[in-house]
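Residues per chain are reported as follows:
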Amino acid sequence: MNAEKFINFLYLLIFEREADADGLKNWSNELRAGKLPIEIFNIFLNSEEFKQKSVTHRYFRNNVDENQLLFKGRNRTEIQKEFDDSVDLLDLINLEDDWARFAEIIRKDHLRAKSDSEFAYFLETLYLEEDRVKSFDRFLKSYELKYSIEVLRAMNVENDAAICEVGGGNGAFSWGLMKKGFNNLHLFEPNGDFITGTGYLKSREDSQSLKVYNDLHAWHDDSLLYETIISKACIHHFGNISMVAGSIRQKMKMGGLWFAFREWFADSPSELANLMTNHPYCQQYKLYEWPSPASIYVESFEMVGLELIAIVPEGYADNSIATHHEIEPSEVAKSFTEEINDTLRNNPEETVNKFWKEYFSSKTGSSFDEKYSKPQVMIFRKVPVSI
C-alpha cells in the first residue's frame, strides 16, 4: 500500500473526508521519511479539526485506546497489509443480536460514566443513562419527539389511531407519544431488560395503558391490526429485511402506514467499514449492526407490498429526528420544516421523486445534494398484493 493511500484512509477514518492536496502530500512525505503510522494517527486525533468534530462524534474518542491497539506490537509492513482493505478488517462472522450482552455492556458503561463526564454525555445522547426518570423526562421535552409528532400529524395520524411501535428499545418513544395525547398504543420489543428494554417502562404507573409485548408470537397472535407502525433505528437489524417487514405487514390494516424513523445508512464499502469500525458497540463487543443504502430498505419493503409514499429529508427540524440534536432549530431550518410538512400534507410523492432522483444521480456519477437519499424518515403504505 502506498503512503498516499494510507494517509487518505486516516483522513476518511478520523475526519470523515478525503485528504486535501497539501495534507496528502505533506503527511505522505512524513510517512516516507520514517514517521510511524501510529504517530500520524495520534497527531490527527489531537488536531483542532478532530476536536471540533468530536463535539458531535464523541463516541469515537471513547474508542481511541481500542483503535490504537491496531498499531501496537506490529511492524510497519503488517500494518500496511491490514489497511489495504477496510472491509476485510471487520469482524463479521462473530456479530450477534444479543440483547442480554447489550444490557450487560450498558451496566458496565454506567460505572465508567460515574468518573468520565464525556462518556456520561455519550450515554445521555442515547437516552441510556442510569437515571431512567431523568432520561424519560428529558426525552419528553426533546426536539426529536416534538418533530417526530409533527411528521405523524402531517400524515394525518390521529390520537385514537391504532399504533404499534416495533423494536422500541426502552419504550421512551411510545411513552412520549402517549403523554402527548395518542391513546391507542402498543409496543413490541423482545428485550425486557430494565434499562435497555421495556422493564423500566412497565414499572411506571403512568404507562399502564400502554400495552407491551415481549414475545413475538403473542404479539402476532393478537387479532388487532394497526393503522400505524412505527420503527426507530430498527430495520437495519432485520437479517432478512423483506421477510421481517412482510411479517410485520401482516399486522397492518390495508392502507396503513409504516413510519421508519432514524435508520442507519451506508452507500459505499468505505462508508460501511468506517461506520462499523467506529460504532461504539459493533466491533468492540461483537454486537450486530449493518447499515445499508436507503434504496435497499425501500426495495425490500416494496417487495412485500409496502409502497414508499413519502420521505422526510436531511435538514428537516435541523436533523433533530436523526441525530438527537437538542439545540433549537434555526429560523432557516424551521422554514424548511414547514415547507416539508406542507409537502407531506399535500404532495408527498414529490419527496419520493426527489429520493429516486438522488439515487439515480449517485449511480450515474451526476452531482446531487444528499438530502433525500439518507432520509430522517421513510414512510410506507400497505398496498394490496394479488397473484
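So, here is what we can say about the structure in this document. (Residues numbered from 1 in each chain as written. Predicted model: local features only at pLDDT ≥ 70, side-chain atom pairs only at ≥ 80, totals over all residues. Heavy atoms only, no water.)

**Points about the nonpolar core**
If you look at the biggest cluster of nonpolar residues, it comprises 71 residues, and the most contacted ones within it are Leu177, Trp258, Phe259, Leu308, Met378 and Phe380. Discounting residues that sit within four places of it in the chain, Leu177 has contacts with Leu145, Ile149, Leu152, Phe182, Leu185 and Ile230. Judged by nonpolar contacts, the second largest core, of 16 residues, contains Ala3, Ile7, Leu31 and Leu45. (Core = buried A, V, L, I, M, F, W, Y, C linked by side-chain atoms within 4.5 Å. Buried < 20%, exposed > 50% of the residue type's maximum accessible area, 1.4 Å probe, protein only. Contact = heavy atoms within 4.5 Å.)

**Points about the sheet that holds strand β3 (residues 211-213)**
In spatial order, the strands read β3-β2-β1-β4-β5-β7-β6; together these seven strands make up an open sheet with mixed pairing. The open sheet is flanked by β3 and β6 (306-312), the only strands paired with a single partner. On average, adjacent strands in this sheet sit at an angle of 20 degrees to one another, irrespective of strand direction. For strand β1 (residues 163-166) and strand β4 (residues 226-232), the ladder comprises four bridges, and the chain directions are parallel. In the strand pairing of β4, Ile163 is matched with Thr228. Packing against the sheet, helix α12 (residues 143-154) makes contact with β4, β5 (252-261), β6 and β7 (377-382), and its axis sits at approximately 150 degrees to β5. (Pairing = 2+ DSSP bridges. Helix = DSSP H or I, 4+ residues; strand = E, 2+ residues; numbered from the N terminus. Axes fitted to C-alpha atoms, helices over the stretch in contact; angles between N-to-C directions.)

**Some details on the pairing of β1**
Going residue by residue along β1, you find Ile163 and Glu165 tucked away on one face and Cys164 and Val166 tucked away on the opposite face as well. The sheet contact formed by β1 and strand β2 (residues 185-188) spans four bridges and is parallel. For Cys164, the partnering residue across the bridge sits in β2 and is His186. For the segment spanning β1, helix α13 (residues 172-179) and β2, crossover handedness is right-handed. (Right-handed = clockwise from strand over helix to strand, strands pointing away.)

**A word on the packing of aromatic side chains**
Overall, the coordinates contain 26 aromatic pairs when judged by the stated rule. The interplanar angle of 75 degrees and the centroid separation of 5.7 Å between the aromatic rings of Phe265 and Tyr297 together place this pair among those described as edge-to-face. Of the two residues, Phe265 is situated in the loop between β5 and α17 (269-278) and Tyr297 in helix α19 (residues 294-302); the sequence distance between them amounts to 32 residues. Summarising the burial analysis for this pair, Phe265 and Tyr297 share the class buried. Put simply, the rings of Phe102, Phe119, Phe122, Tyr281 and Tyr285 pair up and form one aromatic cluster. For the cation-ring pair, Lys251 lies above Trp219, with the distance from its terminal atom to the ring centre recorded as 5.5 Å. (Phe/Tyr/Trp six-rings, centres within 6.5 Å; stacked < 30°, edge-to-face > 60°. Lys NZ or Arg CZ within 6 Å of the ring centre and 35° of its normal.)

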